[in-house]
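Summary of the model geometry
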Amino acid sequence: MPRTFNIPRFYESPIISTVKASRRNMDARKRDLSPSVLDFGPVRFKIARHFGFCYGVENAVEIAYRALEENPDKRIFLLSEIIHNPRVNDNLRHHGVQFLSDTEGNPLLPFDVLIPDDVVIVPAFGTTLEVEKELNNRGVTLSSYNTTCPFVEKVWKRSQEIGKQDYTVVVHGKRYHEETRATFSHAQSEAPVVVVRDLAEAEDLAKVISGEVDADFFFEKFADRYSDGFHPDLHLKRIGVVNQTTMLATETQAIADLLREAIVFRYGEDSLTEHFADTKDTLCYATKENQDATLALISEGGDVAVVVGGYNSSNTSHLVELCEHKLPTYFVRDADELLNPKQIRHLALETKEVQITEDWLPMKHLDGSPVDIVLTAGASCPDILLDEVLRKIVGWFPNTRSVDEVLVPYELDTNSV
């Protein structure tokens, strides 16, 4: 039986949590990726099979609130945001938690403010060995409330394992994302490391591996993305690919396949295992589940897609990318961004800027069919935020069915198990 977590009730949703429980009970092995449908009459929601809080996020949220409960008389600090969701981080701030740095690692408070009696929480992304060492030297322990995702730690462990076997670690990730900074730090303790952001950068690295270009090309293209002492002529002969767990799993696989081909070109198929480590077991199952469910969701079609999550959430941005290929998509952090049926405030991935789009929501079809809203969320998004988005949209349509009526099939499924 899967582990359950003690998550504050105010993050749950009467609508979304009921649908999730029904799908979980009726499909325990998670084989059915078809979306859930909530039909309110004039508007219908198609909701992804998998979305919202994953194992690692639930673990982090539970530990953070336990730290508050167990230490009412102590100062509590977070190294940075516990997860990439403003509702959760703002609530922790409301309860007195202080943040030591922002998501890019820039200090908000100096470590000098800390004393050994303070409680310091490690976020779900983990932290670097350098930060651990500095805080340990100050007498601050990080072991009591370390919320690092187990799947992130798995990547660290595998990176260090292949490093000890003289492989170089190639990280598919965003170089200055908290998780990649931590993975880079842990990996370089045992191995040379280089980071590639996407398939285009992997193609550049493949050119270096295959011998098509020289070391100067590498140093120009990958400035600030490799560990100290790295030299492509020495350190790209044996490699293994791991990823920032929130990246597109399909892209990580494509990058691994591309670099594998470059290795084969340079050293031959017979020498592959000597030069290329198998690291497929490091992919995060929750990230892949959410991405696969999103692909199944958008294959069902819709008029618009609304994806809910923090604007600095990497895994959410990749769900947005998937949706944008198929239909008009709006990335919102909460229901406040839905200004009215005519205007929506949302993050545009291409510009990384928040903008307002007009006439975003069709209110009716000429043939009388319902308006279909595709709805999903990132792994750090509480269910209640989807509930609020859904209710706000439903409130703009006349003559809708009640929530109780719409949920009847899902409540029956839940009660029947």
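Provided above is the structure to which this section pertains.
First things first, this report covers the structure right here in the doc. (Residues numbered from 1 in each chain as written. Predicted model: local features only at pLDDT ≥ 70, side-chain atom pairs only at ≥ 80, totals over all residues. Heavy atoms only, no water.)

**Observations concerning unusual backbone geometry**
Positive phi is not limited to glycine here, since Asp359 has a value of about 50°. According to the relative accessible area criterion, Asp359 is exposed, its value standing at 57%. The residue Asn399 is not glycine, and still its phi comes out positive at about 60°. Mapping Asn399 onto the fold places it in the loop between helix H14 (383-394) and helix H15 (403-415). Asn399 gets classed as exposed once you look at its relative accessible area, which sits at 75%. (Buried < 20%, exposed > 50% of the residue type's maximum accessible area, 1.4 Å probe, protein only. Helix = DSSP H or I, 4+ residues; strand = E, 2+ residues; numbered from the N terminus.)

**What about the pairing of strand S6 (residues 168-172)?**
When you tally the buried positions in S6, you get 5 out of 5 residues, the bulk of the element. In S6, alternate side chains face the same way, and those of Thr168, Val170 and His172 on one face and Val169 and Val171 on the other are all buried. When S6 meets strand S8 (residues 239-243), the two strands line up parallel, connected through 5 bridges. Residue pairing across strands places Val170 opposite Val241, the latter belonging to S8. Strand direction decides the pairing type here: S6 and strand S7 (residues 193-196), joined by 4 bridges, are parallel. Residue Val169 lies in a different strand from S7, and its bridge partner there is Val193. What joins S6 to S7 is helix H6 (residues 178-188), and the crossover it makes is right-handed. (Pairing = 2+ DSSP bridges. Right-handed = clockwise from strand over helix to strand, strands pointing away.)

**Some thoughts on the packing of aromatic side chains**
Using the criterion set out here, one finds 17 aromatic pairs in the structure. Relative to Trp396, the ring of Trp360 has its centre 6.3 Å away and its plane inclined at 75°; by these criteria the two rings are edge-to-face. Of the two residues, Trp360 sits in the loop between strand S13 (353-358) and strand S14 (371-377) while Trp396 sits in the loop between H14 and H15, which places them 36 residues apart along the sequence. Of the aromatic side chains, those joined through ring pairs into one cluster are Phe218, Phe219, Phe222, Tyr226 and Phe230. Seen from the ring of Phe184, Arg175 lies directly overhead, with NZ or CZ sitting 3.9 Å from the centre. Above the face of the Tyr167 ring, Arg238 is positioned so that its terminal group lies 4.0 Å from the ring centre. (Phe/Tyr/Trp six-rings, centres within 6.5 Å; stacked < 30°, edge-to-face > 60°. Lys NZ or Arg CZ within 6 Å of the ring centre and 35° of its normal.)

**Examining the sheet that holds strand S4 (residues 98-99)**
Across the sheet, 3 strands lie side by side as S4-S3-S5; this open sheet has parallel pairing. Edge strands, defined here as strands with exactly one partner in the open sheet, are S4 and strand S5 (119-121). Where strand S3 (residues 76-78) meets S4, 2 bridges bridge the pair, whose relative direction is parallel. Bridging across to S4, Phe77 finds its partner in Gln98.

**What about the pairing of strand S10 (residues 304-308)?**
Within S10, 5 of the 5 residues are buried, which leaves it mostly tucked inside the rest of the structure. Alternating residues of S10 divide into Val304, Val306 and Val308 and Ala305 and Val307, and every residue in both groups is buried. In this sheet, S14 lies alongside S10 in parallel orientation, the contact comprising 5 bridges. If you follow Val308 over to S14, its bridge partner there is Ala377. Here 4 bridges tie S10 to strand S11 (residues 329-332), and the two strands are oriented parallel to one another. Of the residues in S11, the one forming a bridge with Val307 is Phe331.

**Thoughts on the environment of Ala67**
Position of Ala67 relative to the elements: it lies in helix H2 (residues 55-70). C-alpha of Ala67 to C-alpha of Glu269: the two residues are 202 residues apart in sequence and 52 Å apart in space. Residue contacts for Ala67: discarding those within four places in its chain leaves Ile76, Val119, Ile121 and Tyr145. (Contact = heavy atoms within 4.5 Å.)

**Notes on the sheet that holds S8**
Sheet architecture is open: 4 strands sit in the order S7-S6-S8-S9, paired in parallel fashion. Strand pairing shows two members of the sheet lacking a second neighbour, S7 and strand S9 (276-277), which therefore form its edges. Relative to S8, helix H5 (residues 150-164) is tilted by about 170°, and along the sheet it contacts S6, S8 and S9. Its contacts with the sheet place H6 against S6, S7 and S8, and it is angled at close to 155° to S7. (Axes fitted to C-alpha atoms, helices over the stretch in contact; angles between N-to-C directions.)

**Notes on helix H13 (residues 314-324)**
The buried fraction of H13 amounts to 9 of the 11 residues, a majority that puts the element mostly inside the structure. Taken residue by residue, H13 has Ser314, Asn315, Thr316, Ser317, His318, Leu319, Val320, Leu322 and Cys323 as its buried positions. Buried residues along H13 sit in contact with helix H12 (285-299), S10, S11 and S14.

**Side note on a negative patch on the surface**
On the surface, Asp214, Asp216, Glu220 and Asp233 cluster together to form a negatively charged patch. Mapped onto the elements of the fold, Asp216 is located in helix H8 (residues 215-221). You can call Asp216 exposed: its relative accessible area is 58%. (Patch = residues over 30% accessible without salt bridge, like charges linked within 9 Å, V, L, I, M, F, W, Y side chains within 5 Å. Areas by Shrake-Rupley, 256 points an atom, 1.4 Å probe, with all protein chains shown as cover. Salt bridge = Lys/Arg side-chain N within 4 Å of Asp/Glu carboxyl O. Lys, Arg positive; Asp, Glu negative; His and termini not counted. Charge placed at Lys NZ, Arg CZ, Asp CG, Glu CD.)

**Topic: the pattern of salt bridges**
In the structure shown here, the tally under the stated rule is 25 salt bridges. Linking Glu62 and Arg3 is a salt bridge whose minimum nitrogen-to-oxygen distance equals 2.8 Å. Of this pair, Glu62 sits in helix H2 while Arg3 sits in the segment before helix H1 (16-26), and the two are 59 residues apart along the sequence. Given the relative accessible area of 45%, Arg3 is considered partly exposed. Across the pair Arg75 and Asp118 runs a salt bridge, and its minimum N-O distance is 2.7 Å. Pair noted here: Arg75 is in the loop between H2 and S3 and Asp118 is in the loop between S4 and S5, with a separation of 43 residues, a long-range link. Judged by relative accessible area, which is 35%, Arg75 ranks as partly exposed. Through salt bridges with shared partners, a single network forms among Arg44, Lys46 and Asp372.

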